[in-house]
Amino acid sequence: MFHGYTEQLLFEMQLKGVSPIIVHPERNVEKLLNFIKKGAHITLILTEWNEFKDLDICIFEENMEQPVLFDGRNGYDLKRVKNYHMEYHSMERPWVKNI
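Quick caveat: nothing in here was measured; it's all calculated off a predicted structure.

1. Re the confidence of the model for the protein chain
Thought 1: The predicted model of the protein chain has a mean per-residue pLDDT of 80, with 82% of residues at 70 or higher.
Thought 2: Taken element by element, the predicted model of the protein chain shows its lowest mean pLDDT in strand β1 (residues 22-23) (62) and its highest in strand β4 (residues 87-90) (94).

The following block contains the structure:
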């Protein structure tokens, strides 16, 4: 499911004229923050590590021009995510688009 979903997401972005810049921080929060500040358009969270679950979601909203977060481990509560200006995709749950 993951691979097909990612391909579809990238395809839709390209149709909108967006050049995808994708970040997978290799389980390193410092790398993640650095990539976000350098202009990542999409951030992939593919780990259940507490360092990522405990990140304040406003970091994405405040540092990304049009924040898109793909949460492959459902680490963020959907009710919480709906309070932020971002697009949020998770596994087998509704996606949130507040952009």
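2. Some thoughts on the side chain of Glu87
Thought 1: Within the secondary structure, Glu87 sits in strand β4.
Thought 2: The side chain of Glu87 is buried and forms no salt bridge, while Lys97, the nearest opposite charge, is found at 4.2 Å.
Thought 3: Side-chain polar atoms of Glu87 contact the side chain of His89, separated by 2.7 Å.
Thought 4: Here Glu87 is in contact with Leu9, Pro67, Val68, Leu69, Trp95, Val96, Lys97 and Ile99, once residues within four sequence places are set aside.

3. Structural notes on the environment of Tyr76
Thought 1: Within the secondary structure, Tyr76 sits in the loop between β3 (68-71) and α5 (78-81).
Thought 2: Through-space distance from the C-alpha of Tyr76 to that of Lys53 is 6.8 Å; in sequence the pair is 23 residues apart.
Thought 3: When near neighbours in sequence (up to four residues on either side) are disregarded, Tyr76 contacts Phe52, Lys53, Leu55, Ile57, Phe60, Leu69, Asp71, Val81, Tyr88 and Arg93.

Definitions and limits used
- Residues numbered from 1 in each chain as written.
- Predicted model: local features only at pLDDT ≥ 70, side-chain atom pairs only at ≥ 80, totals over all residues.
- Heavy atoms only, no water.
- pLDDT = per-residue confidence, 0-100.
- Helix = DSSP H or I, 4+ residues; strand = E, 2+ residues; numbered from the N terminus.
- Buried < 20%, exposed > 50% of the residue type's maximum accessible area, 1.4 Å probe, protein only.
- Lys, Arg positive; Asp, Glu negative; His and termini not counted.
- Salt bridge = Lys/Arg side-chain N within 4 Å of Asp/Glu carboxyl O.
- Polar contact = N/O pair within 3.5 Å; in protein donor to acceptor, adjacent residues only side chain to side chain.
- Contact = heavy atoms within 4.5 Å.

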